[in-house]
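# Observations on the model geometry
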Amino acid sequence: MAALKRTIVRGGLESLYFTGAHHVLRPLVGGVGAILTLHHVRPPRPGRFQPNRLLEITPQFFSRVVHDLRESGVDLVSLDEMHRRLTEQDLSRRFICLTFDDGYRDTLQTAYPILKKEGAPFAVYVATSFPDRLGELWWLALEEVIARNSRIGLAIDGRNQTFDCATVADKRALYEELYWWLRARPTEAEVRETVRNLAACYCVDIVAFCKDLCMNWQELAELAADPLVTIGAHTVNHPMLAKLPDQAARSEMEMSRSVIEAVLAKRPEHLAFPVGDRTSAGPREFAAAAQLGFKTAVTTQPGMLFPHHGKRLTALPRISLNGEYQRLRYVRVLLSGSATAMWNGFRSDAA
Ligand SMILES: [Zn+2]
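Please read all numbers here as calculations on a predicted model, not as lab measurements. Position numbers for residues start from 1 in each chain and track the written sequence from start to end. Residues qualify for local features only when their pLDDT is at least 70, as the model is predicted, and side-chain atom pairs are given and counted only at 80 or more; totals for whole chains, interfaces and linings, by contrast, use all residues. Think of the side-chain values as coming from all heavy atoms in the structure, minus any hydrogens and water.

## Concerning the overall build of the chain
To be explicit about the condition: Secondary structure elements follow DSSP: runs of H or I no shorter than four residues count as helices, runs of E no shorter than two count as strands, and numbering proceeds from the N terminus. Atoms counted for the radius of gyration: C-alpha only. Globule rule: 2.2 Å times residue count to the power 0.38. A simple rule labels every residue: compare its accessible area, found with a 1.4 Å probe on the protein chains alone, to the largest value its type can have, and call it buried under 20%, exposed over 50%, or partly exposed in between. Whether two residues touch is decided by their heavy atoms; if any such pair falls within 4.5 Å, the residues are in contact. Using a 1.4 Å probe, accessible areas were evaluated by the Shrake-Rupley method; residue-level cover was limited to the displayed protein chains. None of His or the chain ends enter the tally, which takes Lys and Arg as positive and Asp and Glu as negative. A single reference atom marks each charge: NZ on Lys, CZ on Arg, CG on Asp, CD on Glu.
In terms of regular secondary structure, the chain is built from 14 helices and 12 strands. Taken against the 2.2 N^0.38 rule, which gives 20 Å for 351 residues, the C-alpha radius of gyration of the chain at 20 Å falls within 12% of a compact globule. Here the chain, with 351 residues, has 56% of them falling under the buried criterion. For the chain, contacts bridging at least 24 residues in sequence account for 73% of all contacts bridging at least 6. Summed over its atoms, the accessible surface of the chain is roughly 15,500 Å², and 54% of this surface lies on carbon and sulfur atoms. Looking at the chain, you have 43 positive and 39 negative side-chain charges, and the mean spots of the two groups are 5 Å apart.

Structure follows, in structure tokens:
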């Protein structure tokens, strides 16, 4: 199913590009700019079972994207500058914001030198339990359990079930099934407990991913010292906020800001909702972010920015640079707004 979906998306992007439709549509659906979402920028890893590959692009591709954006004449701007342009409706020039989620070490080691060379501002949204080394990157723990075993047992809806996952195809299918089953759980606690138990059963150290992959506070301080960099909040524990009770959701946002301010001596004014789709962040979270005083908050719902987003600053859509579609022409189509307009049924305010 996942492979079929990728083929369909790729086909759509190709046809928008090769028919030239993206040129025709851009004035109508291209909006005033966009916020790009990135996770990892790192060399490709060996191995055929990489269900989280969509979250990483290669340094070569990233470099080409940044260079292409520069060449295309759009302004690469900070979140503060985007906020200014949207609130003052100073929208005569197209702009792009580059944003990195989670605070991975390769943001510092690989993406930062490329951006520094281009003088391009960017933001890093940090979930504070990651540098505190207490965070659970549960989607990676699930991947590791399936990668290491040829059969796993798990209680699903109260029934013990056994799943075979000896082949790469079985592993991919099982990951898809379990990942989306977990994402559909009504509470975040249930997701965490299930993966925590699974990891414990199969000897996967769930908190080790933080140390292996995420920046520590010292590395974050190094980035934060550069005026090109904006450090944003991304909650403490990286939960799907919409699945938390009211007060817990608010304190996740508030506490992450306080912790970052305490350690880096700069108060974050921008927020990214973890996971960020409709099931993770909705009207309650958008309102809470505004009440808590964040200047902007971003989702992962796909979309370009339009003038009316000046009035919806804590519900901003983004465009993801997805590791499954690493071609410059796909990025050009995405930034024309034509692909997201199609996905959103030609409603500019789908986010
Ligand atoms: Zn995240």
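Once you've had a look at it, read on.
## As for the packing of helix α5 (residues 105–118) against helix α10 (residues 217–224)
Put simply, the test is: Interaxial angle, 0 to 180 degrees, is taken between N-to-C directions of lines fitted to C-alpha atoms, where a helix line uses only the stretch in contact. Each angle is binned into one of four classes, with values under 35 degrees roughly parallel, values over 145 roughly antiparallel, values of 65 to 115 roughly perpendicular, and all other values oblique. Note on convention: near helix rotated counterclockwise from far helix by under a right angle means a left-handed crossing. Clockwise means right-handed. Note on residue classes: Ala, Val, Leu, Ile, Met, Phe, Trp, Tyr, Cys and Pro are nonpolar, Asp, Glu, Lys and Arg are charged, and everything else, Gly too, is polar.
For the pair α5 and α10, interaxial distance at closest approach is 9 Å and the crossing angle is 40°. As far as their axial angle goes, α10 and α5 are oblique. As α5 packs across α10, the resulting crossing turns out to be left-handed. Mapping the contact onto sequence places Arg105, Thr107, Leu108 and Tyr112 in α5 and Glu219, Glu222 and Leu223 in α10. Here the contact of α5 with α10 is built from residues that sort into 3 nonpolar, 1 polar and 3 charged.

## Notes on the domain arrangement of the chain
Short version of the rule: As annotated, the domain borders come from an automatic or database domain assignment. A pair is scored as a salt bridge if a Lys or Arg side-chain nitrogen falls within 4 Å of a carboxyl oxygen belonging to Asp or Glu. Pairs of N or O atoms are called polar contacts if they sit within 3.5 Å, as long as, within protein, a hydrogen donor faces a hydrogen acceptor (for residues adjacent in sequence, only side-chain-to-side-chain pairs).
When the domains of the chain are assigned, the result is domain 1 (36–129 + 214–322) and domain 2 (138–201). Summarising the inter-unit geometry, the C-alpha centres of domain 1 and domain 2 are found 28 Å apart. Facing 19 residues of domain 1, the contacting portion of domain 2 comprises 17 residues. The interface formed by domain 1 and domain 2 includes 1 salt bridge. Remark: the boundary between domain 1 and domain 2 carries 10 residue pairs in polar contact (both at pLDDT 80 or more). A per-class count over the side of domain 1 that touches domain 2 returns 8 nonpolar, 6 polar and 5 charged.

## Quick word on helix α13 (residues 328–336)
Of all 9 residues in α13, 7 are buried, a share of seventy percent or more. Of the residues making up α13, those classed as buried are Leu328, Tyr330, Val331, Val333, Leu334, Leu335 and Ser336. Positive backbone phi, at 85°, marks Gly337, one or two positions downstream of α13.

## Describing the packing of helix α11 (residues 246–264) against helix α12 (residues 283–291)
Two elements in contact, α11 and α12, have axes separated by 10 Å at closest approach and are oriented at 50°. Looking at the two axes, α11 sits oblique to α12. Of the two elements, α11 crosses α12, and the hand of that crossing is right-handed. On α12, the residues touching Asp246, Ala249, Arg250 and Met253 of α11 are Arg284, Glu285, Ala288, Ala289 and Gln291. Split into classes, the residues belonging to the contact of α11 with α12 amount to 4 nonpolar, 1 polar and 4 charged.

## Here's the deal with helix α6 (residues 138–148)
Taking burial as the measure, the 11 residues of α6 include 8 buried ones, the bulk of the element. For α6, the secondary structure elements touched by its buried residues are β5 (95–102), β7 (151–156), α7 (168–183), α8 (188–201) and α9 (208–213).

## Some words on the side chain of Asn149
Looking at the element boundaries, Asn149 is found in the loop between α6 and β7. Within polar-contact distance, the side chain of Asn149 engages the backbone oxygen of Val145 at 2.8 Å. With residues near it in sequence (within four places) discarded, Asn149 still touches Cys165, Lys171 and Tyr202.

## Some words on the pairing of strand β11 (residues 296–302)
Regular strands show a simple pattern: their side chains alternate between the two faces of the sheet. Here is the rule: With strands facing away from the observer, any crossover in which the path from the first strand over the helix to the second runs clockwise is taken as right-handed. Following DSSP output, two strands are said to pair if at least two bridges run between them.
Burial runs high along β11: 5 of the 7 residues are buried. Once you follow strand β10 (residues 270–272) into α12 and on to β11, the crossover reads as right-handed. Inspection of the sheet shows β11 paired to strand β12 (residues 316–320) by 2 bridges, in the parallel sense. Across the sheet, Pro302 pairs through a bridge with Arg318, a residue of β12.

## Details of the pattern of salt bridges
In the structure shown here, the tally under the stated rule is 25 salt bridges. In this structure, Arg192 engages Glu136 in a salt bridge whose closest nitrogen and oxygen atoms are separated by 3.2 Å. Remark: Glu136 occurs in the loop between β6 (122–126) and α6 and Arg192 occurs in helix α8; sequence separation between them is 56 residues. By relative accessible area, Arg192 is classed as buried at 8%. As a salt-bridge pair, Asp277 and Arg183 come within 2.7 Å of each other at their nearest N and O atoms. In this pair, Asp277 is assigned in the loop between β10 and α12 and Arg183 in helix α7, connecting sequence segments 94 residues apart. What makes Asp277 partly exposed here is its relative accessible area of 21%.

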